[in-house]
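The residues making up each chain are set out below.
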Amino acid sequence: MSANLAHRTPSSASDAHGSVPVASAAFKGLLVALVLVGIAAFAAALSSGNADRAWQAYLVNFLVWLGIAQGGVVLSAAFYLTQGRWAGTTQFRLAEAFAGFIPLGFILFWGLYFGRTLIFPWVLHPIAQKAAWLNTPFLFARDGAGLAIMTLLSLALVRISRGPEARAWQLSSSDIDLPPPILRKIAPALSICFAVVYSLIAFDLVMSLSPAWHSTLFGWYFFGGAFWSAIVTVALTAVILRGRLGDHNVFRNPTVLHDLGKLVFAFSVFWIYLVFSQYIVIWYGDIPVETFFIVHRVYYMPWKAISYLVVFLMWLAPFVTLLGVRPKQTPAILGTIAFGGIVGVWLERYLLVVPSLSQHVVPLGWVELLITMGFVGAFVLCALPGLDLVAAAATSGEMQEGHE
Amino acid sequence: MSGSVEIVGSFADEIGCAHGIEKLREVKAIGVRVFSPIPSHRIEHAIGKPKSRVRAFVLTGGILGIITALALTIGTSWEWNLDAGGKPVVSWPPFIIIMFELMVLFGGISAVLSFLVHARVPAFEIAEGYSSRFSEDRFGVVVRCEPADSAQVESILRDAGAEEVVRAAAWPRADGNAVVS
């Protein structure tokens, strides 16, 4: 589906420079191998008595990588809403690069159906008061419908955004014209649906794993994290492509990395703000039915260590490191923080999911590692057509103004 | 003052204005003063402006705010020992909010006050070469130079895209509003 999108994109003269694909055949082979390893590990875990861990790793990775892909498209929508055109077409191609994973993520969602008895405690032990909401047909119907809407809206936005009319607008940063009318409708619709659908995903696929616990803010917290995970992935991609696309690419322009660094910084603060907002209310009320979720994760080993590591990777390190202008513009620093951010988001999703199901042991081993590698392979494979478009845009010379 | 002339160039566009300033600095014009209708990092960079000293005052204000908040929250807790739900008397998580808010308040007030001092605002004299359109939609570059260099300065301003270049002598200074065109 992603390849399909790439072919539809009209190639203008400015794209001619980027005809060399970003990934070599060997690298693609490696990615395919990763996917096969992941599938094999998943199958092996299922048949070797590690089925619960296999499904937990599946759910964690599903949430992480679909969150990044979807958050990226929302980031593109945010660029339209704010009329941000600080890096021409490149910033839009970059944010949309991972959209190829969204259709695959939609398919992977249905895979959860087969692991439902191992993932959702309420399938085998229904809770009478919540049965009207927490039952298998309704959960898969509502979440499936939500993800279907998100997939269609995202693909529509990406396709229109890569079209000639939108590209002309993306390049005309000195004009104050509004984006093309169709995007003025899709971008806000997509952003609102993202908030609604990903809140639903957070409630259904994460919060319901611990069905006695609830937090109204949890949905915001979850999709705020997904949005940030997309921003750090975009920043890491920019840093990597900066070194690979030769001496003349948009990412050589320090203002572009500076702007990406600002986004990483700002939404890291937003994330900790949401963490604290939930924590303080639960701490203040001190009601056992609310506190157990946090006490279990923050006050007792082994989960305590992971909690602190997540806060370090997702807030403390980005905040302290990226406070100044110079670190934001330094590729090695921004890249390291962004990579740490992706690891942090993975651990955070892991921390949300797994302790609900595995109380006292941290199941981190070959099952989790290999399944994660499989997802990484699939994610990057799906992103390759989009990354080729990023490379084309970044080397097209449209941003000469900023090169100084 | 005698022996030097002032030349005023007005620009419609920020980038051209910044390029013009950079060129002028290369040929060592004696003094360059810039009027900008918007805050512009590009122009600040072009005139080689040092980093603002306001920043140090904001940092100090922010730290003072945090200290004040700690004193206020911990002090009042000790002053009125209230056991709430078995929590310690000094229960710090909610203090973070007070610390944050007072940091913002003190930092913000320090920023405003130190800005006023450093920018010498309010100013009761209008700077030479000012025109009210430099507060609307035009950038103004005022160059003071030797009369012998004036032709070169004028051509640099024009090459950088100045809409008009005038000698300050011809500039009506009474109210700054009558524009030579």
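Worth saying up front: this structure is predicted, and the values here are computed from it rather than measured. (Residues numbered from 1 in each chain as written. Chains lettered and ligands numbered in written order. Predicted model: local features only at pLDDT ≥ 70, side-chain atom pairs only at ≥ 80, totals over all residues. Heavy atoms only, no water.)

## Some thoughts on a nonpolar patch on the surface
A surface patch of nonpolar side chains, about 610 Å² in accessible area, is lined by Leu105(B), Ile109(B), Val112(B), Leu113(B), Phe115(B), Leu116(B) and Val121(B). By the element assignment, Val121(B) lies in the loop between helix H4 (95–118) and strand E3 (139–145). (Patch = residues over 30% accessible without salt bridge, like charges linked within 9 Å, V, L, I, M, F, W, Y side chains within 5 Å. Areas by Shrake-Rupley, 256 points an atom, 1.4 Å probe, with all protein chains shown as cover. Salt bridge = Lys/Arg side-chain N within 4 Å of Asp/Glu carboxyl O. Helix = DSSP H or I, 4+ residues; strand = E, 2+ residues; numbered from the N terminus.)

## Some thoughts on the layout of surface pockets
All names here are of chain A. Roughly 900 Å³ of internal volume is contained in the second largest pocket. Lining the second largest pocket are 28 residues; nearest its centre among them are Trp-65, Leu-236, Phe-339, Val-376 and Val-380. Counting residues per element, the ones that place at least two in the lining of the second largest pocket are helix H11 (218–244), helix H16 (331–357) and helix H17 (366–394). Looking at the lining of the second largest pocket, the element that brings in the most residues is H17, giving 10 residues. By residue class, the composition of the lining of the second largest pocket is 22 nonpolar, 4 polar and 2 charged. (1 Å grid on protein atoms, 1.4 Å probe; cavity = no way out; pocket = protein on both sides within 12 Å on 5 of 7 lines; lining within 4 Å. Points joined across faces, edges and corners; volume = space filled by probe spheres on them. Nonpolar A, V, L, I, M, F, W, Y, C, P; charged D, E, K, R; others polar.)

## What to know about empty space enclosed by the protein
All names here are of chain A. Per the stated rule, a full pass over the model turns up 3 cavities of 30 Å³ or more. The computed volume of the largest cavity comes to approximately 50 Å³. Around the largest cavity sit Phe-62, Leu-63, Leu-66, Gly-67, Leu-147, Tyr-198, Ile-201, Phe-222 and Ala-226, which together line it. Broken down by secondary-structure element, the contributors of at least two residues to the lining of the largest cavity are helix H3 (51–82), helix H10 (181–206) and H11. In terms of residue count, H3 provides more of the lining of the largest cavity than any other element does, 4 residues in total. Looking at side-chain class alone, the lining of the largest cavity contains 8 nonpolar, 1 polar and no charged residues.

## Focus: unusual backbone geometry
The omega torsion across Met301(A) and Pro302(A) is 5°, close enough to zero to call that bond cis. Looking at where Pro302(A) falls in the secondary structure, it is placed in the loop between helix H13 (288–299) and helix H14 (303–321). A cis amide bond links Val121(B) to the next residue, Pro122(B), at an omega of 5°. In this structure, Pro122(B) sits in the loop between H4 and E3. Of note, Asp286(A) is a non-glycine position whose phi angle comes to about 55°, a positive value.

## Describing the packing of H3(A) against helix H8 (residues 136–161) of chain A
All names here are of chain A. Two elements in contact, H3 and H8, have axes separated by 10 Å at closest approach and are oriented at 45°. Considered as vectors, H3 and H8 are oriented oblique to each other. Of the two possible hands of crossing, H3 and H8 adopt the one that is left-handed. Contacts from Phe-62, Leu-66, Gln-70, Val-73, Ser-76, Ala-77 and Tyr-80 in H3 reach Leu-147, Met-150, Ser-154, Leu-157, Val-158 and Ser-161 in H8. Its residues assigned to classes, the contact of H3 with H8 shows 9 nonpolar, 4 polar and no charged. (Axes fitted to C-alpha atoms, helices over the stretch in contact; angles between N-to-C directions. Parallel < 35°, antiparallel > 145°, perpendicular 65-115°, else oblique. Left-handed = near helix turned anticlockwise from the far one by under 90°. Contact = heavy atoms within 4.5 Å.)

## Here we look at the sheet that holds E3(B)
All names here are of chain B. Pairing within the open sheet is antiparallel, and its 4 strands lie in the order E2-E3-E1-E4. With one partner strand each, in any of the chains shown, strand E2 (31–35) and strand E4 (164–167) form the two edges of the open sheet. Between one strand axis and the next, the sheet turns through 20° on average, direction left out of account. Two elements, strand E1 (residues 5–11) and E4, share 4 bridges in a ladder whose sense is antiparallel. Within E4, the residue paired with Val-8 across the bridge is Val-166. Contacting E1, E2 and E3, helix H1 (residues 14–26) runs over the sheet at an angle of about 15° to E3. (Pairing = 2+ DSSP bridges.)

## Topic: the confidence of the model for chain B
Residue and element names in this part refer to chain B. Confidence along chain B averages 83 in pLDDT terms, with 89% of residues attaining 70 or more. Counting interchain partners and residues more than four positions distant, the pLDDT-below-50 stretch residues 170–181 has 23 contacts. On the interface metric, ipTM, the complex scores 0.72, and its pTM is 0.83. (pLDDT = per-residue confidence, 0-100.)

## A look at the pattern of salt bridges
Residues and elements named next belong to chain B. Per the counting criterion, the structure on display carries 11 salt bridges over all chains. The salt bridge involving Arg-138 is made with Glu-163; its shortest N-O contact spans 2.5 Å. In this pair, Arg-138 sits in the loop between H4 and E3 while Glu-163 sits in the loop between helix H5 (150–159) and E4, placing the two residues 25 residues apart along the sequence.

## Quick notes on the domain arrangement of chain B
Accessible area lost upon the coming together of the parts serves often as the stated size of an interface. For chain B, the assigned domains are domain 1 (5–50 + 122–178) and domain 2 (54–118). For domain 1 of chain B and domain 2 of chain B, the distance between their C-alpha centroids amounts to 44 Å. (Domains from an automatic or database assignment.)

## Considerations on the environment of Trp55(A)
Residues and elements named next belong to chain A. Relative to the helices and strands, Trp-55 is located in helix H3. Take Trp-55: its relative accessible area is 7%, and that puts it in the buried class. Here Trp-55 is in contact with Phe-42, Leu-46, Gly-111, Leu-112, Phe-114, Gly-115, Leu-118 and Ile-119, once residues within four sequence places are set aside. (Buried < 20%, exposed > 50% of the residue type's maximum accessible area, 1.4 Å probe, protein only.)

## A word on the nonpolar core
In terms of nonpolar packing, the biggest core is built from 128 residues, with Phe62(A), Phe101(A) and Leu205(A) touching the most fellow members. Leave out the neighbours within four places in its chain, and Leu205(A) touches Leu59(A), Phe62(A), Leu63(A), Phe109(A), Leu112(A), Phe120(A), Leu139(A), Asp143(A) and Leu200(A). Ranked by size, the runner-up nonpolar core spans 19 residues in total, among them Ala18(B), Val153(B), Ala160(B) and Ala162(B). (Core = buried A, V, L, I, M, F, W, Y, C linked by side-chain atoms within 4.5 Å.)

## Brief notes about the packing of aromatic side chains
Residue and element names in this part refer to chain A. Summed over all chains, the structure comprises 38 aromatic pairs over all chains. On the numbers, 4.9 Å between centres and 80° between planes, the contact of Phe-227 with Phe-267 is edge-to-face. Linking Phe-227 in helix H11 with Phe-267 in helix H12 (residues 254–285), this pair joins segments that are 40 residues apart in sequence. One aromatic cluster in this structure is built from Phe-62, Phe-106, Phe-109, Trp-110, Tyr-113, Phe-114 and Phe-140. Positioned above the aromatic ring of Tyr-113 is the side chain of Arg-116, whose terminal nitrogen or guanidinium carbon lies 4.2 Å from the ring centre. (Phe/Tyr/Trp six-rings, centres within 6.5 Å; stacked < 30°, edge-to-face > 60°. Lys NZ or Arg CZ within 6 Å of the ring centre and 35° of its normal.)

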